[in-house]
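# Survey of secondary and tertiary structure
What follows is the residue order along each chain.
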Amino acid sequence: MALVDPDVVAVDPAEAAKPPSSPAAGAASRTEARSRPLEVLVLAGGLSHERDVSLRSGRRVADALEDAGVSATVTDVDSDLLPTLDRLRPDVVWPLLHGSTGEDGSIRDLLELVGVPAVGTGSAGSRIAWSKPVSKTILARAGVATPESATLPASVFREVGARAVLDRVVDRLGLPLVVKPAKGGSALGVSVVTDVDALPQAMVTCFSYGEVALIERAAVGTELAVSVVDLGEGPVALPPVEIVVEDGIYDFDARYNAGRTEFYVPARVPAQHARAAQDAAVTAHRVLGLRGLSRTDLIVDDDGVPWFLEVNSAPGMTETSLLPLAAEAAGYALPDLYRAIVEHALRG
């Protein structure tokens, strides 16, 4: 299991940016008159590279909802999905799909066509958040710092010549660089490049996960993940989680396999730096049109400037995921919080 300093995690909820009201009390008062338990259909699996992560997220959320008195059913996304929706007629759907189908807005469009309430961001906001270059551009215009970058499709390298293009990239952005798919999650296809000779292989790795690459000047500082929850009173940032990886690269293996990563909650940064990161995450949530919950990944430099890297409109909910960790540090019981999230989705 990922290591968490027990002395650090014991946070005073009053100091942890906790939403002003208890989700457990609110959820109970809103549903006490129901004649049957809430019925939630959790969507997990799919066909993306992140299928296994999605299945783990789905099982954990379903178990927590059951603990909160909610009837939760986990189903895959396949040709039986629409018949399953017709047969079960759930009160709320919670999509916990990662990768393109789950986060690019398409499954949201389908649920909106069916007319069933769903947890999280709608189709339009999902499409914006899914594209890293688009979300970076929008947030830069909103005043959020984000590393300088170039967005280049594989076709440019084929037509112009890879060596010539990469030389210009290094001339403009310098080293180190981060190369990542313009659309994707869980750090799949991501490389940190400190040597120019490693850049061609980083591009090959990136293009194996998508046709467009985002090449970004590497931000230097403390890596933070700031989750945001909105239970109907506006988006509120949870305590920032500091991420420390033994070899410095928070890749897919470090995210989902225990032992390589340590998490600190709250982050070991000055209070004003933590607040700046929280403000940036709330700005991302608002400006990009996100709903319910999100997670923003940032690097906070020595001057306290939070550099936006990307935002996730469907955060992972596995045993090593960061939103559950931050929520527990803020004093929430996950079953109560997840039920409150479902209640908020049901209210629309």
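Preceding block: the structure.
To start, this report covers the structure provided alongside it. Each chain carries its own residue numbering, running from 1 in the written order of its sequence. Where local features are concerned, this predicted model is filtered to residues with pLDDT of at least 70; where side-chain atom pairs are given and counted, the filter is 80 or more; whole-chain, interface and lining totals use all residues. Neither water nor hydrogens contribute to the side-chain values; these are computed over all heavy atoms in the structure.

The subject of this paragraph is the nonpolar core. Here, nonpolar core refers to any group of buried Ala, Val, Leu, Ile, Met, Phe, Trp, Tyr and Cys residues whose side-chain atoms link them within 4.5 Å. Here the term buried applies to any residue with accessible area under 20% of the maximum for its type, exposed to any over 50%, and partly exposed to those in between, with areas from a 1.4 Å probe on protein chains only. Ranked by size, the top nonpolar core spans 40 residues in total, and within it Leu65, Trp94 and Tyr338 carry the most contacts. By definition, any uninterrupted DSSP run of H or I lasting at least four residues is a helix, any uninterrupted run of E lasting at least two residues is a strand, and each is numbered from the N terminus. Those elements that place two or more of their residues in this core are strand S2 (39-43), helix H3 (51-67), strand S4 (92-95), strand S9 (222-229), strand S11 (241-245), helix H14 (322-329) and helix H15 (334-347). The leading source of residues in this core is H15, at seven residues. We call two residues in contact whenever any of their non-hydrogen atoms come within 4.5 Å of each other. The contact partners of Trp94, leaving out residues within four places of it in the chain, are Val40, Leu41, Val42, Leu43, Val61, Leu65, Val119, Leu293, Met317, Tyr338, Ile341 and Val342. Core analysis: the second largest hydrophobic core is formed by 21 residues, Ala267, Ala274, Ala281 and Leu288 among them.

In a beta sheet, neighbouring strands pair by backbone hydrogen bonds and run either parallel or antiparallel. The criterion for strand pairing is that DSSP finds at least two bridges linking the strands in question. Here we have three strands laid out as an open sheet, ordered S3-S2-S4, and parallel in their pairing. On the outer flanks of this sheet lie strand S3 (71-75) and S4, each paired with one strand and no other. Each adjacent strand pair in this sheet contributes to an overall mean axis angle of 25°, direction not counted. The pairing of S2 with S4 spans four bridges and is parallel. Here, axes are lines fitted to C-alpha atoms. For helices the fit covers the stretch in contact, and angles between N-to-C directions go from 0 to 180 degrees.

Take H14 next. Here H14 lies mainly inside the structure; seven of its eight residues are buried. Looking at the residues trailing H14, positive phi occurs at Gly331, about 100°.

The next point concerns the sheet that holds strand S6 (residues 177-181). If you trace the four strands from one edge of the open sheet to the other, you get S5-S8-S6-S7, paired in antiparallel fashion. Whereas interior strands pair on both sides, the edge strands pair on one side only; in this sheet they are strand S5 (149-153) and strand S7 (191-193). On average, each strand axis in the sheet is tilted by 20° relative to the strand beside it, whichever way the strands run. Relative to S7, S6 runs antiparallel, the two being bridged by three bridges. For Val179, the partnering residue across the bridge sits in S7 and is Ser191. Here helix H8 (residues 132-141) sits on the sheet in contact with S5, S6 and strand S8 (212-217), set at roughly 45° to S8. Across the sheet, helix H11 (residues 199-207) is in contact with S5, S6, S7 and S8; its angle to S6 comes to roughly 20°.

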